[in-house]
Amino acid sequence: MKQGVLAASGAWVAGYQVRQNFKKYWYYKLQVPIPYFQCPTSDKLIKYKHLGKAGTQEHTDAVMSVYRRSLGDQIQRITHTLDDYLLDISSGSEQESEEPLD
């Protein structure tokens with residue numbers, strides 16, 4: 001998080017093609033599964049944010065924010081797994097020590 005903004009949960013960068021005057025142009029948008037972004041023309045929330053062409057600052061920032069989000073989510077899953085393992089180990093040792101010795 002210290003390296004920059006995190007994308008919304010479940011966000012991805014999607015590319016789309018526009019054809020104009022017999023030419024093809026590629027543009028990108030940051031998209032999420034539920035409305036999250038403020039619509040520029042109204043007060044509604046929308047599911048995407050236009051980023052423009054590849055390599056623009058806005059496109060690069062969005063790609064990096066999605067990358068940081070995925071790393072953060074992976075770290076969180078690993079942390080939860082390790083916590084579960086630690087709980088299993090500690091509860092297993094308590095059960096063994098509670099049994100009477102012959």
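Residues numbered from 1 in each chain as written. Predicted model: local features only at pLDDT ≥ 70, side-chain atom pairs only at ≥ 80, totals over all residues. Heavy atoms only, no water.

What to know about the nonpolar core
Counting 11 residues, the largest nonpolar core consists of Ala7, Ala8, Ala11, Leu30, Val32, Phe37, Cys39, Ile46, Leu51, Ala62 and Val66. The residues contacting Leu51, other than those within four sequence positions of it, are Val13, Tyr28, Lys29, Leu30, Thr56, Glu58, His59 and Ala62. (Core = buried A, V, L, I, M, F, W, Y, C linked by side-chain atoms within 4.5 Å. Buried < 20%, exposed > 50% of the residue type's maximum accessible area, 1.4 Å probe, protein only. Contact = heavy atoms within 4.5 Å.)

Here's the deal with a nonpolar patch on the surface
On the surface, Val63, Met64, Tyr67 and Leu71 cluster together into a nonpolar patch covering about 330 Å² of accessible area. Considering the arrangement of structural elements, one finds Tyr67 in helix 1 (residues 57–98). A relative accessible area of 46% places Tyr67 in the partly exposed class. (Patch = residues over 30% accessible without salt bridge, like charges linked within 9 Å, V, L, I, M, F, W, Y side chains within 5 Å. Areas by Shrake-Rupley, 256 points an atom, 1.4 Å probe, with all protein chains shown as cover. Salt bridge = Lys/Arg side-chain N within 4 Å of Asp/Glu carboxyl O. Helix = DSSP H or I, 4+ residues; strand = E, 2+ residues; numbered from the N terminus.)

Structural notes on the pattern of salt bridges
One pass over the structure, following the stated rule, counts two salt bridges. Note that Glu58 is salt-bridged to Lys49, the shortest N-O span being 3.7 Å. Exposure remark for Glu58: the relative accessible area of 36% places this residue in the partly exposed category. A salt bridge links Asp73 to Arg69, with the nearest nitrogen and oxygen atoms 3.7 Å apart. Taken together, the positions of Asp73 and Arg69, both in helix 1 and four residues apart, correspond to about one turn of that helix. Overall, Asp73 belongs to the partly exposed group, its relative accessible area being 23%.

Considerations on the sheet that holds strand 1 (residues 12–20)
If you trace the three strands from one edge of the open sheet to the other, you get 1-2-5, paired in antiparallel fashion. The open sheet has two edge strands with one neighbour each: strand 1 and strand 5 (48–52). Averaged over all pairs of adjacent strands, the angle between their axes in this sheet comes to 35°, without regard to strand direction. Pairing geometry for strand 2 (residues 23–31) and strand 5, over four bridges, is antiparallel. Bridge assignment links Tyr28 to a residue of strand 5, and that residue is Gly52. (Pairing = 2+ DSSP bridges. Axes fitted to C-alpha atoms, helices over the stretch in contact; angles between N-to-C directions.)

Geometric values such as these leave the question of function open.
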